[in-house]
Structure formats: C-alpha cells, structure tokens
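If you want the building blocks of each chain, they are given just below.
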Amino acid sequence: MITTGRHNLITDVAGILVGHARDDRIKTGVSVVTSDRPFCASYAVMGGAPGTRDTDLLEPDKTVSEVDAIVLSGGSAFGLDAASGVSARLQQAGRGFSVGQMNVPIVPTAILFDLANGGQKDWPDGTYQSLGAQAYDAISNTFSLGSVGVGTGAMCGMIKGGLGSASLRLPTDGVVGALMGANPIGNVVDQTGRFWAHNFEIDAEYGNMGPVTDGHAAFDMSRTKIATLAPQQNTTIGVVATDICLTKAQLKRLATAAHDGIARSIVPSHLPFDGDLIFTVSTGILAPPRNDVEFATLCHYASICVARSIARGIFNATPYENDAKPAWIKAFG
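Residues numbered from 1 in each chain as written. Predicted model: local features only at pLDDT ≥ 70, side-chain atom pairs only at ≥ 80, totals over all residues. Heavy atoms only, no water.

Trainee: How should I be thinking about the pattern of salt bridges in this particular structure?
Mentor: Pairs can form between side chains of opposite charge whenever their charged atoms are close. Applying the stated criterion across every chain yields a total of twelve salt bridges. With a closest N to O distance of 2.8 Å, D137 and R89 form a salt bridge. One end of the pair, D137, is in helix α2 (residues 127–137); the other, R89, is in helix α1 (residues 82–92), and 48 residues separate them in sequence. On the basis of relative accessibility, which here comes to 48%, the residue D137 falls in the partly exposed class. By relative accessible area, R89 is classed as partly exposed at 26%. As a salt-bridge pair, R290 and E294 come within 2.5 Å of each other at their nearest N and O atoms. Judged by relative accessible area, which is 67%, R290 ranks as exposed. One salt-bridge network, in which partners are shared between bridges, spans K27, K160 and D323. (Salt bridge = Lys/Arg side-chain N within 4 Å of Asp/Glu carboxyl O. Helix = DSSP H or I, 4+ residues; strand = E, 2+ residues; numbered from the N terminus. Buried < 20%, exposed > 50% of the residue type's maximum accessible area, 1.4 Å probe, protein only.)

Trainee: Teacher, can you tell me more about the pairing of strand β1 (residues 16–23) here?
Mentor: Looking along a regular strand, one sees side chains alternate from face to face of the sheet. Two elements, β1 and strand β2 (residues 28–45), share eight bridges in a ladder whose sense is antiparallel. The partner of L17 across the bridge, within β2, is T34. The hairpin turn running from β1 into β2, its antiparallel successor, is four residues long, and K27 in that turn takes a positive phi close to 60°. (Pairing = 2+ DSSP bridges.)

Just geometry here; none of it tells us what the structure is for.
What follows is the structure, given as structure tokens:
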C-alpha cells in the first residue's frame, strides 16, 4: 500500500527542516531547506533559463561533499541575496566548510521570476537578505502550503502558482519527499481546473476531481504565459529529500529522474523560457539502497512526490488584492 509520511511534507524525511518568509506588499518570498547537520546534495537543471548560486559544487566530481542549507527564492536575480541572510545565520551557529580559522556555510540557491505579479517592486536594500534570515529563523518540521515562501508571488499560465510539498513512504524503509515552488510558463490544470497530476493524488490532497477531460489542451500554447509575458519569467524550482544514504552521483541521477514529476504535472514544461531545477539531498540516516531496483523505486517515488507537490501548491494558493492572476480557488473552486 502506498502511503504518505506523517505530515505529507518533505519534513517527513528524518532530519529535514523547512522555513519560509514572505513579503505580501512585494508579493515575494523565500524558502529554506536545512538540517541540524550538513547533508549530501546534488541537482539537475532541465529548463533553459535557470538562476542559481553555488550549484556547480554539487556536481559529483567537485570537492565539497556536503552543504548546510538550500534556498529557494523569488525575486529573480535579486533573490540570490537571500542566501547571504541564511549564510549569516549558519555562520552564527558555527556551521560551514572549514577553511583555516573560518567556517564558510555552503548554501546552494535557485530563484524564480515573480517581478510581474502585481506587487510593489520598490523594495529597500537588503530585503532578500532579510527574508533569507527570517526564513531560516522559522525552520520547523511543519509548514503551510500555497502562497507562502518562494510560492508567495508565483504564477502559472492561467492562474496563481504556489509552494507545495508531498511525501511517500518507501516500500522497504525510509521516506522521500519534495518541496516545489511552481511558477511555470505552462499550466498545472486543464481548462476545467483538473490537475494534470490527477493520477498521482492521494487522499484528495488537491480536490479529488477525477481525470483530465481535455487531452487536446496539452497542445494549446495560447493559454500559457508565452502569450502575455516575456521570456525568462518562468521557473519551477524545488528540493527532493530522502533519509536513504546516497552518494553525490546517485543524488544527481535522483534529481534527473525527479524532473519527470514536473513533466507529469505541468503542460508544457522544460521549455527554453523555464528555469526548471531540482535539488536533491540525503540526510544519510538510513542504509543505502541494497540493489538497483530499490534505487530505481526511490527515483520513481521522488518524481511522483514532485508532481503531487506542484499540484498541492497551486490548489492551496491564496487570493490577494492586486493579484495578476486568480488563485485556483477563485478560478475553479
């Protein structure tokens, strides 16, 4: 029987903590994924327009083997400053890669574009650094979904985007979970509001509305943001975590496989204008996979968690004044 973790969140993975911060005036926010000790990580990019910091070191051939936190931020390139706020908090806690007498926190970061969502974009200097610090200060094993953290100002083709999370218990032992900020050029639902990820829903977590009714809608580019927004304004970013011990090379493969969840839940996806990126982390608490089948199952379950997280983020998005697009609940609820 397929079951979720206790909270159906990425924090069901032993050791993982998540914090969020947002600014409703700007319509932007930051999310932080961390743990009480460093964790092994990698990543994979499938979109053509990513925005990142400190991601090259996550490749399997690079020296640094562990990181201290991962940041997902709104604000496009401005949002990369959020990592500085998180790094400052980690340094204060004595965390980081030892270099001589200094500890240097390792905080890979990815951003999404939320500069055209109706918010006021005249923020003062240090805003994203402050949001990063606030998100770190809020780390917990439970959190809300929808218009929170990096999902605060996200948009899809027709409706508001959002932040979602989901988890699954693995058939043998352990948990895999995902945290996704969905801001794609494509759509997560068909024209009736049904989610493309309907086949993977568990316990009516995003409406229990049944199968998609109009398969032809998957080919209709006129309903995407291509028709109304300039390129480089669209990204789905997230983190997949597991307590199964994995190497950086295995985490790289896990990140690649997890992107199937984006393709299953967003139509179209992985376009030249998207910056689609998934980080993968292992807290290493449980033993590594015993064979290829166990690892392949982990990869498959990760992709399902990604798809479900994206749908849950959009389903839980909250309508606010001056939104550039309606929330799902307003458009279809």
